[in-house]
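Residue-level listing of the chains:
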Amino acid sequence: MELLGEVGLRDPHLLLPRGFWTAVNVWLEKPQVANKRLCGARLEGVWRVARPRLGKESPGRASTVGTALGTGPSVLEAAWEAFCYRCCRRREDYEALGLEGPAEEALEVVLRTLVPKGSGAAPAQEMVVKDIFNGIVTFLPLVQSDEGKYNVKQCNAYQVRLLHMQDNEWSMSMLSSPSENYISDGLVYPKTTWLGSELLSKLVKWSTETTESEFKNTLSLISVARYSKMYQDLKEKYKEIVKVWPEVTDPEKFVYEDVAIAAYLLILWEDERAERGLSEKQSFVDLGCGNGLLVHILSNEGHPGKGTDVRRRKIWDMYGPQTHLEENTVSPNNQYPDVDWLIGNHSDELTPWIPVIAARSSYSCRYFLLPCCFFDFYGKYNRRQSKKSQYREYLDFVTEVGFVCGFHVEEDCLRIPSTKRVCLIGMSRTYLATQDTVLEERRAQYINRHQSCSIVAPDPMGGFHQNDCPPSTSSVACLIADPEISQKADVGKLLMSGFLPRGKEQVRNCTTLPQDFVDKMALKVAKLLLNETEESLHETSKTWNRGESLALSEIIEHFDKDTLKRLKNEYGGLQTLLRNNHQVFEVQQHFAEFILKKLQT
């Protein structure tokens, strides 16, 4: 084996050698975190085998450890026997792989399938040999012959070794088959320079990390290979939406995020249909659907459903009649008895209510949640623990809600361009349908215990505020019982649950102002920046006037009080109006600059 790189490391926290094997498992199970050209890996089986002895060509039968899936056992056994037959005959091969050790120290052999990104590259299988006694892990690519047999591609083998030097000093090295024989494809077979630098440095880092992740591995509930293909297919199918995105949000992020969520749900629902023997595709309702793209994709892929949100988006008109979107207020008292799945994708204050709505809708209703902003049943979620991150604590709270509502709640981590990537899935119940009355009482008691002593109302500016209650008041339900307070709280909008739904949002970004008002404002600012009079604007001149920069405070002085009052009702005021006319103006911090895009003659 040829040395590709070696790194010395200190271990003051005494994490090694256990930390080394933790790092190896990260690369084994989640290779995409290091090799961005991979979508992931699938472990087909784990076997414990006797240590091969030099001169003994037959290693004997292996025993399965854990679960061996599909053709894993037969492939692994045949490949291992062929490997032992070759390396045990030649001393230089045997010693190069570092297989020496006590006979009682067995080896662990793993068969994994590497799944590259993109639909053009085929998955590749690899046999991984863990030698715990010697601190060595060897990666052996497998190739299938014309006869269907699997053999080790010895020229592309590589190895990671951990060596204890003295005290808390260790050495980690990367080795491979001779570089002149190594064949890299840039995907499942990285270059040897990458192995000796990038991968080795990441393994060193992971080996000595003292913090453990609070979350599961990505895509732990579905097939990575099927997800990768589905994602690439959907990405290609809906990529044109990025070019015509009419919203002010970033199309690259929002389009591909919803494509990824849709791919995940489609695979999850495929598995559910296979498991339950369903022939019809599942129906759904997306509560708080936002731009509606997720609804559009799922509907196009054959799932009947609709989305609802308190505010209509521009892009809704682009989807066509087959995508059903409604502008409406969603309340926890709503029920969807004929719907299979409820979706809460960044559903804000509805997030903890969606398991409740699903449980009340029907015994067969399931839900998918992707929590983002932290809301309790009646307002902002208040932290109760300091030992967890706020995100982890909130996920635990929403999981608890699902459990109280009678769901087996599963957690997974999506591959989306967002820091809030953990989804919660309620797919099955913990109780019989005949026990629903008892569970309904338990749900009500749990919700009542979480009622705060304040009424939470939508702020006109889009946020939330709380009105303090008397110390003796223990719940919003108490306030509803008081006729005087109920009248003030507008009982017509306040639900019996104590939840006040978000009303229809007002658009205050200067886009609904009359066009003649906007044109008048833009022309006046242009004159100020060009420092020209009404007459000089119409004069023909060969001299280029690039304009000047002015502070917004200077520009505001030139407008009357009524105009300023009108602008004050809009978010950002004059600055927003100028930013909306970005083809003419450029706003930099607190200055406005007029830019002539082309010379007029």
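Attention here is on the structure that accompanies the text. (Residues numbered from 1 in each chain as written. Predicted model: local features only at pLDDT ≥ 70, side-chain atom pairs only at ≥ 80, totals over all residues. Heavy atoms only, no water.)

What to know about the packing of aromatic side chains
Going through the model one piece at a time under the given rule, you end up with 20 aromatic pairs. Measuring from ring centre to ring centre gives 5.3 Å for Y381 and Y394, while their planes differ by 70 degrees; the resulting arrangement is edge-to-face. Residue Y381 is found in the loop between β14 (366–370) and α10 (390–404), and its partner Y394 is found in helix α10; the two are separated by 13 residues along the sequence. Residue classification places Y381 among the buried residues on the basis of a relative accessible area of 7%. Here the aromatic rings of Y394 and F397 are separated by 5.9 Å at their centres, their planes lie at 45 degrees, and the arrangement is tilted. Residue Y394 and its partner F397 are located together in helix α10, separated by three residues, close to a single helical turn. For Y394, a relative accessible area of 0% corresponds to the buried category. One aromatic cluster in this structure is built from W353, F374, F377, Y378, Y381, Y391, Y394, F397 and Y446. Between K420 and the ring centre of Y391, over which it is positioned, the NZ or CZ distance is 5.5 Å. In this structure, R566 is placed above the aromatic ring of F517, and the distance from its NZ or CZ to the ring centre is 4.5 Å. (Phe/Tyr/Trp six-rings, centres within 6.5 Å; stacked < 30°, edge-to-face > 60°. Helix = DSSP H or I, 4+ residues; strand = E, 2+ residues; numbered from the N terminus. Buried < 20%, exposed > 50% of the residue type's maximum accessible area, 1.4 Å probe, protein only. Lys NZ or Arg CZ within 6 Å of the ring centre and 35° of its normal.)

A closer look at the layout of surface pockets
Regions of empty space are outlined by a rolling probe, equal in size to a water molecule, passed over the atoms. Of the voids in this model, the second largest pocket is the one considered here, and its volume is about 1,300 Å³. Looking at the second largest pocket, it is lined by 40 residues, and the ones nearest its centre are V26, K30, V33, S213 and N217. Mapped by element, the contributors of at least two residues to the lining of the second largest pocket are α1 (18–29), β2 (38–49), α4 (192–207), α5 (224–238) and α6 (251–276). Per element, the largest residue contribution to the lining of the second largest pocket is six residues, and it comes from α1. (1 Å grid on protein atoms, 1.4 Å probe; cavity = no way out; pocket = protein on both sides within 12 Å on 5 of 7 lines; lining within 4 Å. Points joined across faces, edges and corners; volume = space filled by probe spheres on them.)

Focus: the environment of L513
Positionally, L513 belongs in the loop between α13 (483–488) and α14 (515–530). Relative accessible area serves as the criterion here: at 11%, L513 is assigned to the buried category. Sequence separation between L513 and L577 is 64 residues, and the spatial gap between their C-alpha atoms is 9.4 Å. For L513, the residues in contact, after removing those within four places along its chain, are V518, R566, L567, E570 and L577. (Contact = heavy atoms within 4.5 Å.)

Digging into the environment of V160
Tracing the backbone through its elements, the reader meets V160 in strand β8 (residues 158–166). Along the chain, V160 and L203 lie 43 residues apart, while their C-alpha atoms are 9.2 Å from each other. Leaving out residues up to four positions away in the same chain, V160 has contacts with F20, G135, I136, V137, F139, M172, S173, M174 and L203.

So, unusual backbone geometry
Look at the link from L16 to P17: it is a cis peptide, with omega at 5 degrees. Tracing the backbone shows P17 in the loop between β1 (2–10) and α1. Its identity as a non-glycine residue notwithstanding, D167 has a phi of 50 degrees, on the positive side. Mapped onto the elements, D167 comes out in the loop between β8 and β9 (169–176).

Structural notes on the nonpolar core
Burial of nonpolar side chains together is a common tendency in soluble globular proteins. One finds Y227, L234, Y264, L265, L268, L298 and F368 to be the most contacted residues of the largest nonpolar core, which totals 46 residues. Of all the secondary structure elements, the ones that give two or more residues to this core are α5, α6, α7 (293–300), α8 (316–319), β13 (341–345), β14 and β16 (422–429). Tallying contributions element by element places α6 first for this core, with 13 residues. Sequence-distant contacts of Y227, defined by excluding residues within four places in its chain, comprise C39, L219, I222, A260, A263, Y264, I267 and R415. Counting 35 residues, the second-largest nonpolar core is a separate cluster that includes V356, I357, Y378 and F407. (Core = buried A, V, L, I, M, F, W, Y, C linked by side-chain atoms within 4.5 Å.)

Quick look at the pattern of salt bridges
For the structure on display, the rule yields 26 salt bridges. Residues K253 and E257 are paired through a salt bridge, measuring 2.7 Å at the closest nitrogen-oxygen approach. You can see K253 and its partner E257 sitting in helix α6, four residues apart, about one turn around the helix. Using a relative accessible area of 26% as the deciding quantity, one classes K253 as partly exposed. Here the residues in one salt-bridge network are R360, D436, E440 and R443, joined through shared partners. (Salt bridge = Lys/Arg side-chain N within 4 Å of Asp/Glu carboxyl O.)

A few points about the pairing of strand β6 (residues 136–144)
Most of β6 is tucked away, with seven of its nine residues classed as buried. Joining the antiparallel neighbours strand β5 (residues 124–131) and β6 is a turn of four residues, in which G135 adopts a positive phi near 70 degrees. Summarising the sheet, β6 and strand β7 (residues 150–152) pair through three bridges and their orientation is antiparallel. In the sheet register, Q144 faces β7, and the bridge partner there is Y150. (Pairing = 2+ DSSP bridges.)

Examining the pairing of β14
Summarising burial for β14: five of the five residues are buried, a large majority. In β14, alternate side chains face the same way, and those of R366, F368 and L370 on one face and Y367 and L369 on the other are all buried. For the segment spanning β13, helix α9 (residues 353–361) and β14, crossover handedness is right-handed. Where β14 and β16 come together, three bridges link them in antiparallel fashion. Bridge pairing in β16 places Y367 opposite G426. (Right-handed = clockwise from strand over helix to strand, strands pointing away.)

With respect to α1
Three or four residues apart is the spacing at which side chains of an α-helix point the same way, because the helix has 3.6 residues per turn. Over its 12 residues, α1 runs 17 Å from end to end, which matches the ideal 16 Å to within 8%, given 1.5 Å per residue. Those residues of α1 that sit buried are G19, F20, W21, A23, V24, W27 and L28. (Expected span 1.5 Å × (residues − 1).)

Distances and angles like these do not, on their own, reveal function.
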